[in-house]
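Below, each chain spelled out in residue letters.
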Amino acid sequence: MLGFRARTAARAAAAVLALAIAAGAPAAAQTDASLLYQRNCASCHGADRQGTGLGPPLSARTYRYGGSRDDLARIIRNGITSQGMPAFGGTLASEEIAALAEFLPARQGEPEPDPEEVQAAAEAEPREFDAVPGVVGTLDYAVRAELFVEGLQTVWALAFVDADTALVSERPGRLRIVRNGVLEPQPVSGTPQVYVHEHIWNQGGLLDIAIDPDYRENGWIYLSYSHRLDETGPEGDPLAMTRVVRGRIRSNAWVDQEVVFEADRAAYGEPFWHYGGRMVIDGEGRLHFSVGDRGMQELAREPGTPTGKVHRIMTDGAIPLDNPLRGRDGALASIYSLGHRNPQGMAIEPSTGRIWATEHGPRGGDELNIIERGGDYGWPVVSHGINYDGTVLTPDTRAEGVTQPAYYWRPSTGVSGLAFYHGDEFPLWEGKLLVTGLSPRDLRLLTLDDDRVQHEEIIFRAKGRPYEPVVGPDGAIYLVTDDPGQILRLTAQEERRQ
């Protein structure tokens, strides 16, 4: 909802916290500030100020709105509306704001950095890749984790073209090819230009990849990404929106591009968060994809806008005859369901054909939904979460006509990608659901009973944030992470159940 507003607030809060420790503040004060940070800021900026999908990492070197103690206190108190950070002045006492401002790293009299220099410095920092954990235990298997590919940047999606070839999306806009476990050194040339916020690399960019069911015959590959117009909004920021194209790859070049979904220019907005972008193609050749609320939550249930929706189109962009809003005055014919915040995971259940989707909640209230034709999922009038600043978002967790989630997480896990397991490597997991959490950086296994979650198990924790689990043609589970930018491969070393 408030995306980056919360981030910057959390950023300010986190920044204060580190400085207090470095400066040798009294132990009690450190503990209080630490608790304040964890309760109010960590969900957006990470427990260690490393940043999450909701907020940037906190560093005195990269503050954009002043970095003195007074600046930090002011930002925490007043928020930064244009960037999505809420004001905490109404929920935190002045002493608490001061404690947070003392706890975060602050600038000590240096001049404000040039934004281009900040970005250049970030790109120039050496990347270190942690060792893969080896073997981890789960209820059913001892699972071996090995490094499949490294040297990537902010990975968001992986799709197998065949048993030996996979495509990988890097958020800065690069489409990469992996052949026989080896990353091709050069990205695919000619892919569409994407919009990535200059300082927040975890929002927008090149998003999902989908492979046409008839790829061997037609060669079509589908990409979703944040598309920028050559104009700015009232606050001077670029106007952008989720877009879907298809194309082919020949001689490592993207060719034959066709736009299959593009919103009306009036729907483009300045917020740089909540693009959604996850895609699946069902058994009848229909492409389903998500568009987040783009920071305009009040439009998520409006049938005349593309934001906060799951859309359904044919793979050439045509509208299916049975779409629920087709022919309704003032409604977008591509809409399949509405009332979503930011769905970042989508998968088709092999046994039923049902579409399941994960959805980022605000502070608490991450959801797992079964996407129904014409369904209203309630955002923002119904939610199991609260605002990032701790205030009540809505008193309602249910409402007439609103579809309830099959499952929800409170506190939030930063729920992201998901996939149904189907393969020979983990036969005891057949039909179970794999879900990633960005905040705890874990992979979870959900056991389902029709539309209910019976059991949830954390089966792996990663160093980087895992954006998507993918079941490969070999039955192994592939996990893409953003920092370090790599792909992990999980296999069964042995079965533990007797």
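Up top is the structure these notes are about.
Residues numbered from 1 in each chain as written. Predicted model: local features only at pLDDT ≥ 70, side-chain atom pairs only at ≥ 80, totals over all residues. Heavy atoms only, no water.

Student: Would you take a moment to explain the pattern of salt bridges for this structure?
Tutor: It is possible for side chains of opposite charge to pair when their charged atoms get near one another. Under the definition given, this model contains 25 salt bridges. Between Arg-278 and Glu-468 there is a salt bridge; the shortest N-O distance is 3.4 Å. With a gap of 190 residues between them, Arg-278 in the loop between β10 (253–262) and β11 (279–281) and Glu-468 in strand β23 (residues 466–471) connect regions that are remote in the sequence. For Arg-278, a relative accessible area of 1% translates into the label buried. Residue classification places Glu-468 among the buried residues on the basis of a relative accessible area of 10%. A salt bridge links Arg-286 to Asp-322, with the shortest nitrogen-to-oxygen separation between them at 3.8 Å. Here Asp-322 lies in the loop between β13 (309–314) and β14 (335–338) and Arg-286 lies in strand β12 (residues 286–291), a separation of 36 residues in the sequence. (Salt bridge = Lys/Arg side-chain N within 4 Å of Asp/Glu carboxyl O. Helix = DSSP H or I, 4+ residues; strand = E, 2+ residues; numbered from the N terminus. Buried < 20%, exposed > 50% of the residue type's maximum accessible area, 1.4 Å probe, protein only.)

Student: Explain the sheet that holds strand β6 (residues 182–183) to me, please; I cannot follow it from the model alone.
Tutor: By definition, the strands of a sheet pair up through backbone hydrogen bonds, in either a parallel or an antiparallel sense. Reading across the sheet, the four strands line up as β3-β4-β5-β6 and stay open at both edges, with antiparallel pairing between neighbours. Each edge of the open sheet carries a strand with a single partner, namely β3 (155–160) and β6. Bridge analysis of strand β4 (residues 165–170) against strand β5 (residues 174–179) gives six bridges, and the strand direction is antiparallel. Within the sheet, the bridge partner assigned to Thr-165 lies in β5 and is Arg-179. (Pairing = 2+ DSSP bridges.)

Student: I tried to follow unusual backbone geometry on my own but got confused; where do I start?
Tutor: Most peptide bonds adopt trans geometry, and most residues besides glycine take a negative phi value. In this structure, the amide linkage connecting Trp-379 to the following residue, Pro-380, adopts the cis form with an omega of 5°. Its location among the elements puts Pro-380 in the loop between β17 (366–371) and β18 (407–409). At the junction of Arg-410 and Pro-411, the peptide bond is cis and its omega measures out at 10° in the coordinates. With respect to the element layout, Pro-411 can be found in the loop between β18 and β19 (415–420). In this structure, Asp-256 takes a positive phi of about 60° despite not being glycine. Despite not being glycine, His-274 shows a phi value in the positive range, around 60°. Positionally, His-274 belongs in the loop between β10 and β11.

Student: What is the right way to look at the packing of helix α4 (residues 69–78) against helix α5 (residues 94–103) in this model?
Tutor: If you want to describe how two helices pack, look at the angle between their axes and the distance between the axes. Their axes nearest at 9 Å, the elements α4 and α5 cross at an angle of 130°. Accordingly, the angle class assigned to the pair α4 and α5 is oblique. As α4 runs across α5, the sense of the crossing is right-handed. Packed against α4, whose contacting residues are Arg-69, Leu-72, Ala-73, Ile-76 and Arg-77, the element α5 presents Ile-97, Leu-100, Ala-101 and Glu-102 at the interface. When grouped by side-chain class, the residues that make up the contact of α4 with α5 number six nonpolar, no polar and three charged. (Axes fitted to C-alpha atoms, helices over the stretch in contact; angles between N-to-C directions. Parallel < 35°, antiparallel > 145°, perpendicular 65-115°, else oblique. Left-handed = near helix turned anticlockwise from the far one by under 90°. Contact = heavy atoms within 4.5 Å. Nonpolar A, V, L, I, M, F, W, Y, C, P; charged D, E, K, R; others polar.)

Take it as geometry only, folks, not as evidence of what the structure does.
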